[in-house]
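Chain by chain, the residues:
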Amino acid sequence: MRHPLIRHTTVLAVRRDGQVALGSDGQVTMGNTILKHGASKVRRLLDGSVLAGFAGSTADAVALFTRFEQKLEQFRGQLERAAVELATDWRTEKSLRTLEALLIVADRETTLLVSGTGDVIAPDEGILAVGSGGPFATAAARALLLHTPMTAPEVVREALKIAAGIDVYTNDAIRVESLP
């Protein structure tokens, strides 16, 4: 099975003090050309109770958001169960197997990375990032959590700004969603 090389964006989730925030930059690129500056890569699902963000092909991500929301409805909002079922379908169904994206999903209690290789991973530190700027955003978020009293949405916004200053495939048109 081929493993997608996900780049050209940054999506970051942070938990702090009972709050979760998920944000992304807005840049869309094709190769080394910027096509759009203000794309929305973060969504609210299940009547706003679940946050989801993606890195990868937009069409693939939209298909996965739709499928994930169906799983959430099927399993009555159980995030982990819906994520595992999506990862299983993604890995085994021929029509989904070629989709190239990574999803970060979060509700009030849990944050997960979901991939087409069957991975469903919860972070140890309450920080999870994907995309080419992911390592930069992760490092910035760790430092901000350790050394500032910033809220989760503030950490996400500032860490994404830092990543945008380092990664050429990440811009500063940042969108952040949060759950209390």
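Our subject in this report is the structure included herewith.

**Some thoughts on the side chain of Thr138**
Link 1 in the chain: With respect to the helices and strands, Thr138 occurs in helix H4 (residues 134-147).
Link 2 in the chain: Filtering out sequence-adjacent residues up to four positions away, Thr138 remains in contact with Ile127 and Ala129.

**A few points about unusual backbone geometry**
Link 1 in the chain: Even without being glycine, Asp17 reaches a positive phi, approximately 50°.
Link 2 in the chain: Structurally, the position occupied by Asp17 is in the loop between strand E1 (11-16) and strand E2 (19-24).
Link 3 in the chain: Since its relative accessible area comes to 75%, Asp17 is described here as exposed.
Link 4 in the chain: Residue Asp47 is not a glycine yet carries a positive backbone phi of 55°.
Link 5 in the chain: Positionally, Asp47 belongs in the loop between strand E5 (42-45) and strand E6 (50-56).

**A closer look at the sheet that holds strand E9 (residues 120-121)**
Link 1 in the chain: Strand order in the open sheet made by the five strands is E5-E6-E7-E8-E9, with antiparallel pairing throughout. Here the strands that pair on one side only, and so sit at the sheet edges, are E5 and E9.
Link 2 in the chain: Of the pairings in the sheet, the one linking strand E7 (residues 101-106) to strand E8 (residues 111-115) comprises five bridges and is antiparallel in character. When the bridges of E8 are listed, Ile104 appears paired with Leu113.
Link 3 in the chain: Relative to E8, helix H2 (residues 79-92) is tilted by about 10°, and along the sheet it contacts E6, E7, E8 and E9.

**Here's the deal with the nonpolar core**
Link 1 in the chain: Counting residues in each nonpolar core, the largest one holds 23 residues, and the members touching the most others are Phe68, Leu72, Leu103, Val105 and Val114.
Link 2 in the chain: Put simply, the parts of the chain that give this core at least two residues each are E6, helix H1 (58-74), H2, E7 and E8.
Link 3 in the chain: A total of six residues in this core trace back to one element, the largest contributor, which is H2.
Link 4 in the chain: Beyond its immediate sequence surroundings of up to four residues, Leu103 is in contact with Gly53, Phe54, Leu64, Phe65, Leu86, Leu112, Leu113 and Val114.
Link 5 in the chain: One finds Ala141, Met150, Ala152 and Ala159 within the second-largest nonpolar core, a separate group that totals 18 residues.

**Some remarks on the pattern of salt bridges**
Link 1 in the chain: Scanning the entire structure with this criterion turns up eight salt bridges.
Link 2 in the chain: Among the ionic pairs, Asp25 bridges to Lys41, the shortest N-O distance being 3.2 Å. With a gap of 16 residues between them, Asp25 in the loop between E2 and strand E3 (28-30) and Lys41 in the loop between strand E4 (33-36) and E5 connect regions that are remote in the sequence. Residues Asp25 and Lys41 agree in their burial class; the two are buried.
Link 3 in the chain: Salt-bridge contacts for Arg67 lead to Glu93; the nearest nitrogen and oxygen are separated by 3.2 Å. Linking Arg67 in helix H1 with Glu93 in the loop between H2 and helix H3 (94-97), this pair joins segments that are 26 residues apart in sequence.
Link 4 in the chain: Taken together, the shared-partner salt bridges connect Arg67, Lys71, Asp89 and Glu93 into one network.

**Side note on a nonpolar patch on the surface**
Link 1 in the chain: On the surface, a nonpolar cluster with roughly 240 Å² of combined accessible area is contributed by Phe136, Ile162 and Ile166.
Link 2 in the chain: For Ile162, the position within the fold is in helix H5 (residues 152-164).
Link 3 in the chain: Residue classification places Ile162 among the partly exposed positions, given a relative accessible area of 34%.

What counts and how
Residues numbered from 1 in each chain as written. Predicted model: local features only at pLDDT ≥ 70, side-chain atom pairs only at ≥ 80, totals over all residues. Heavy atoms only, no water. Helix = DSSP H or I, 4+ residues; strand = E, 2+ residues; numbered from the N terminus. Contact = heavy atoms within 4.5 Å. Buried < 20%, exposed > 50% of the residue type's maximum accessible area, 1.4 Å probe, protein only. Pairing = 2+ DSSP bridges. Axes fitted to C-alpha atoms, helices over the stretch in contact; angles between N-to-C directions. Core = buried A, V, L, I, M, F, W, Y, C linked by side-chain atoms within 4.5 Å. Salt bridge = Lys/Arg side-chain N within 4 Å of Asp/Glu carboxyl O. Patch = residues over 30% accessible without salt bridge, like charges linked within 9 Å, V, L, I, M, F, W, Y side chains within 5 Å. Areas by Shrake-Rupley, 256 points an atom, 1.4 Å probe, with all protein chains shown as cover.

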